Amino acid sequence: MKVVILAGGYGTRLSEHTSVVPKPLVEIGGRPILWHIMKLYSYHGLNEFVICCGYKGSVIKDYFLNYLPHQGDLTVDLQRNDVEIHRNASEPWKVTLVDTGEKTMTGGRLKRVKDYIGNSTFCLTYGDGVSDVNVQELIKFHHEQGALATVTAVQQPGRFGAINLSSERPRAARFREKDARDGQVINGGFFVVEPEALDVIDGDSTSWENEPLAQLIDRDQLAVYRHHGYWQNMDTLRDKAVLQELWDTGNPPWCVWDQKSTGPRSNISRMSDPAFAGQTVK
């Protein structure tokens, strides 16, 4: 099963970082948040990714093009212009990077990668949120429900798209984007989607969170998987600080994989990022 990751937004609330790198490459523990997301899926056996690039998408492409050389030991023959990699301990990932347009909305990005997804069920999430959600249980729940899409619902106060749930009914009743009230069950990403669901997306200007989800709800085709564990997005500097503090404890709650082998450090120079030069989170 493929995993589609929306990684093309501007990340304006993290402009101290995203003026240099795209939001999915902003680091937690010296590694891009995108890497943390991919590690979760890989832990659950999903290793084929389609990444929807947009703003500074070339930087994301460079990250993966240089991933293997930065991972292990290598010999560079300058005269022959040859590189020999001696140790390959990288993850078994197959990554397709698609330029979906700098100004394309989330639904439009998804529509643009349709040919790379194929005709099978796929996972979908955002490139700025981590969780300890059990992906295998989520997929099983989706198949049991028989809906065109399943959204992972999490508890989070304010400023996110709120899902109105009817008791314990496994279908969404209504979706409100960026509800101001606290305590709502919200869209936490980590979708499972049937390819037929893409038919409700009109084009580049369509936000997946608005018309498409509303249409699926109207058809009773949006199932809700309730996740009661850890979830946190990285929307602001404060969010980033929270995630970094948890990482520094040595036991970050989203890292369900073996942390003894945490993979390569980012090959993006932190010294070039002004966000690391004495920034204070208030």
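Structure's up top.
This section reports on the structure supplied with the text.

Thresholds applied
- Residues numbered from 1 in each chain as written.
- Predicted model: local features only at pLDDT ≥ 70, side-chain atom pairs only at ≥ 80, totals over all residues.
- Heavy atoms only, no water.
- Helix = DSSP H or I, 4+ residues; strand = E, 2+ residues; numbered from the N terminus.
- Buried < 20%, exposed > 50% of the residue type's maximum accessible area, 1.4 Å probe, protein only.
- Contact = heavy atoms within 4.5 Å.
- Patch = residues over 30% accessible without salt bridge, like charges linked within 9 Å, V, L, I, M, F, W, Y side chains within 5 Å.
- Areas by Shrake-Rupley, 256 points an atom, 1.4 Å probe, with all protein chains shown as cover.
- Salt bridge = Lys/Arg side-chain N within 4 Å of Asp/Glu carboxyl O.
- 1 Å grid on protein atoms, 1.4 Å probe; cavity = no way out; pocket = protein on both sides within 12 Å on 5 of 7 lines; lining within 4 Å.
- Points joined across faces, edges and corners; volume = space filled by probe spheres on them.
- Core = buried A, V, L, I, M, F, W, Y, C linked by side-chain atoms within 4.5 Å.
- Arc of directions from axis to C-beta.

**Quick notes on the environment of P212**
Alright, step 1. Tracing the chain through its elements places P212 in helix α7 (residues 211-218).
Alright, step 2. For P212, a relative accessible area of 0% gives the class buried.
Alright, step 3. Through-space distance from the C-alpha of P212 to that of D199 is 8.8 Å; in sequence the pair is 13 residues apart.
Alright, step 4. Setting aside residues up to four positions removed in sequence, P212 forms contacts with V200, I201, T206 and S207.

**Considerations on a nonpolar patch on the surface**
Alright, step 1. Together, L74, V76, L78, V83 and I85 line one region of the surface with nonpolar side chains, adding up to about 450 Å² of accessible area.
Alright, step 2. Taken together, the elements giving at least two residues each to the nonpolar patch come down to β5 (74-77) and β6 (82-85).
Alright, step 3. Mapping V83 onto the fold places it in strand β6.

**Some remarks on the side chain of T152**
Alright, step 1. Inspection of the secondary structure puts T152 in strand β10 (residues 149-155).
Alright, step 2. What makes T152 buried here is its relative accessible area of 1%.

**Some details on empty space enclosed by the protein**
Alright, step 1. Under the criterion given, the structure shown has two cavities of 30 Å³ or more.
Alright, step 2. What the second largest cavity holds in volume is close to 30 Å³.
Alright, step 3. If you go around the second largest cavity, the residues you meet are H36, I37, L40, V130, S131, F190, W254 and W257.
Alright, step 4. At the level of secondary structure, the elements contributing two or more residues to the lining of the second largest cavity comprise α2 (33-43) and β9 (129-131).

**Re the nonpolar core**
Alright, step 1. Among the nonpolar cores identified, the biggest contains 47 residues, and L34, M38, Y41, C123, V135, L243 and W254 are the most heavily contacted of them.
Alright, step 2. Here C123 is in contact with M1, K2, V3, V4, Y41, L46, V135, I139, F191 and V192, once residues within four sequence places are set aside.
Alright, step 3. In terms of nonpolar packing, the next biggest core, distinct from the first, is built from 29 residues, L6, A172, I217 and L222 among them.

**Considering helix α6 (residues 135-145)**
Alright, step 1. V135, L138, I139, F141 and H142 are the residues of α6 that are buried. Summarising the axial view, the buried residues of α6 lie within an arc of 160°, below the 170-degree limit, and thus occupy one face. Exposed residues lying more than 90 degrees from the buried face of α6 are K140 and E144.
Alright, step 2. If you follow the buried residues of α6, they end up packed against α2, β8 (122-126), β10, β14 (191-193) and β15 (222-226).
Alright, step 3. Phi turns positive, to about 70°, at G146, one or two residues after α6.

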